[in-house]
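What follows is the residue order along each chain.
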Amino acid sequence: MTVDELQWYVVLAETEHMTEAAARLNVAQPTLSRALARLERRLGTPLFDRVHRRLRLNRYGEILLEHARRCLAELSVASDRIASLLDPDRGTVRLAFLHSVATWLVPELLRRYREGAPEVRFELRQAAGHEMLADLRAGHVDLAVSGPRPEGGDIGWQPLFREQLCLVVPERHALAGRGRCGLAAAAREPFVALRRGFGMREISDELCSAAGFTPAIAFESTEIPSMEGLVAAGLGVAVAPLPRAHRSTPGVAYLPLTDAGAHRVIGLAWPLDRPVPPVAERFAEFVRSRRWS
């Protein structure tokens, strides 16, 4: 049963007149008559009583008319919702991002973008890098602010800024007075780290390996602020990005690492195997065209 057949049926049921309905629909009367016959065969019953060459909607036809109107109304609502989502000036952007950029980058870029596009809505999701990429591949989000660069040829990615990585130690730690240090200086320390699968954990493990040791992981966390809080409590040291002034954790010292590769690149990711909705593509162009540091 096609949408056209349902629309034709509603008009025919409202007019109860084949010629009038055909004229209103701008279709040939034989075409409308054949469509009605197909519909009745599919349902296994006449929908109209034929009285002196006139049509009278019967009780079966009334049931179909009720549901056909409801179905067409739902289709209209769905069409309007889809059009709204696709409208680059009024649609919805589904954006995923790392926990570590939730307090400064995401609020700032949304604020700036909505100055020029106040009716665009955002569905936001904080997640670990591997979770965001899984959502991106599955179509659950349109864009992701992630790091490091994702592997595979199905994800597009553009770097936005680079973060210096630090050794985070308790403020009374023996290393706290240093301005900078190499990661090898903490080789014998217990480490607080993010769980495996997090991009920051992968970078930290690679830096430790390059420095010639395997870190002894004392505690694992799912967020950088929680990890730094454990360091402040004296439970170990950690590798984390150099914080912005408003995000630093009390009770710790941040020592920029002198090791090669001691940085994290944050970028914007999008799927390459399907079109990005126009509203999301316009937002992506806004993000890609600006400097974020």
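So, here is what we can say about the structure in this document. Note that the structure is a prediction, hence the values are computed from the model and not measured.

1. Concerning the overall build of the protein
- The helix and strand inventory of the protein stands at nine helices and 11 strands.
- Here the protein has a C-alpha radius of gyration of 31 Å; the compact-globule value for 293 residues is 19 Å, and the former is much larger.
- Taken along the three principal axes of its C-alpha coordinates, the protein extends 105 × 40 × 35 Å.
- In the protein, of all internal contacts separated by at least 6 residues, the share reaching a separation of at least 24 is 73%.

2. Some points on helix H7 (residues 199–210)
- Its 12 residues place the ends of H7 17 Å apart at the C-alpha level, agreeing with the 16 Å of an ideal helix rising 1.5 Å per residue.
- Turning to H7, its buried residues number three or more, namely Gly-199, Met-200, Arg-201, Ile-203, Ser-204, Leu-207 and Cys-208.
- Considering only its buried residues, H7 is in contact with strand E6 (155–170), strand E7 (190–194), strand E8 (216–221), helix H8 (224–232), strand E9 (238–241) and strand E11 (263–271).
- Gly-212 occupies a position one or two residues after H7 and carries a positive phi of about 95°.

3. Focus on the packing of helix H5 (residues 105–116) against helix H9 (residues 278–288)
- Where H5 contacts H9, the two axes come as close as 11 Å, and the packing angle between them is 110°. Judged by the inter-axis angle, H5 sits roughly perpendicular to H9. Crossing hand, H5 versus H9: right-handed. Touching Leu-109, Leu-110, Arg-112 and Tyr-113 of H5 are Val-279, Arg-282, Phe-283, Phe-286 and Val-287, all from H9.
- Looking at side-chain class alone, the contact of H5 with H9 contains seven nonpolar, no polar and two charged residues.

4. Structural notes on the pattern of salt bridges
- Taken as a whole and judged by the stated rule, the model has 20 salt bridges.
- The partner of Glu-5 in a salt bridge is Arg-38, with the nearest N and O atoms 3.6 Å apart. Of this pair, Glu-5 sits in helix H1 (residues 3–15) while Arg-38 sits in helix H3 (residues 29–43), and the two are 33 residues apart along the sequence.
- According to the relative accessible area criterion, Glu-5 is buried, its value standing at 9%.
- With a relative accessible area of 34%, Arg-38 lands in the partly exposed category.
- Across the pair Asp-205 and Arg-196 runs a salt bridge whose closest N-O atoms are separated by 3.4 Å.
- Take Arg-196: its relative accessible area is 64%, and that puts it in the exposed class.
- Among the charged side chains, a network of salt bridges with common partners joins Glu-108, Arg-111, Arg-112 and Glu-115.

5. Digging into the nonpolar core
- Of all hydrophobic cores here, the largest spans 39 residues; its most connected members are Val-93, Val-101, Leu-143, Val-145, Leu-268 and Phe-283.
- If you list the elements that add at least two residues to this core, you get strand E3 (92–97), H5, helix H6 (129–138), strand E5 (143–146), E6, E11 and H9.
- With six residues, the single largest contributor to this core is H9.
- Here Val-101 is in contact with Val-106, Pro-107, Val-145 and Phe-161, once residues within four sequence places are set aside.

6. Things to note about the environment of Leu-95
- Within the secondary structure layout, Leu-95 lies in strand E3.
- The buried category is assigned to Leu-95, whose relative accessible area is 0%.
- Considering only alpha carbons, one finds Leu-95 and Met-1, 94 residues apart in sequence, at a separation of 38 Å.
- Apart from the residues within four sequence positions on either side, Leu-95 is in contact with Leu-110, Glu-123, Leu-124, Arg-125, Leu-143, Ala-144, Val-145 and Phe-283.

7. Considerations on the environment of Leu-32
- For Leu-32, the location among the structural elements is in helix H3.
- Judged by its relative accessible area of 2%, Leu-32 is buried.
- Separated by 24 residues in the primary sequence, Leu-32 and Trp-8 place their C-alpha atoms 7.4 Å from one another.
- The contacts of Leu-32, once residues within four sequence positions are left out, are Trp-8, Leu-12, Met-18, Ala-21, Ala-22, Leu-25 and Val-27.

Calculation rules
- Residues numbered from 1 in each chain as written.
- Predicted model: local features only at pLDDT ≥ 70, side-chain atom pairs only at ≥ 80, totals over all residues.
- Heavy atoms only, no water.
- Helix = DSSP H or I, 4+ residues; strand = E, 2+ residues; numbered from the N terminus.
- Rg over C-alpha atoms; globule rule 2.2 N^0.38 Å.
- Contact = heavy atoms within 4.5 Å.
- Expected span 1.5 Å × (residues − 1).
- Buried < 20%, exposed > 50% of the residue type's maximum accessible area, 1.4 Å probe, protein only.
- Axes fitted to C-alpha atoms, helices over the stretch in contact; angles between N-to-C directions.
- Parallel < 35°, antiparallel > 145°, perpendicular 65-115°, else oblique.
- Left-handed = near helix turned anticlockwise from the far one by under 90°.
- Nonpolar A, V, L, I, M, F, W, Y, C, P; charged D, E, K, R; others polar.
- Salt bridge = Lys/Arg side-chain N within 4 Å of Asp/Glu carboxyl O.
- Core = buried A, V, L, I, M, F, W, Y, C linked by side-chain atoms within 4.5 Å.

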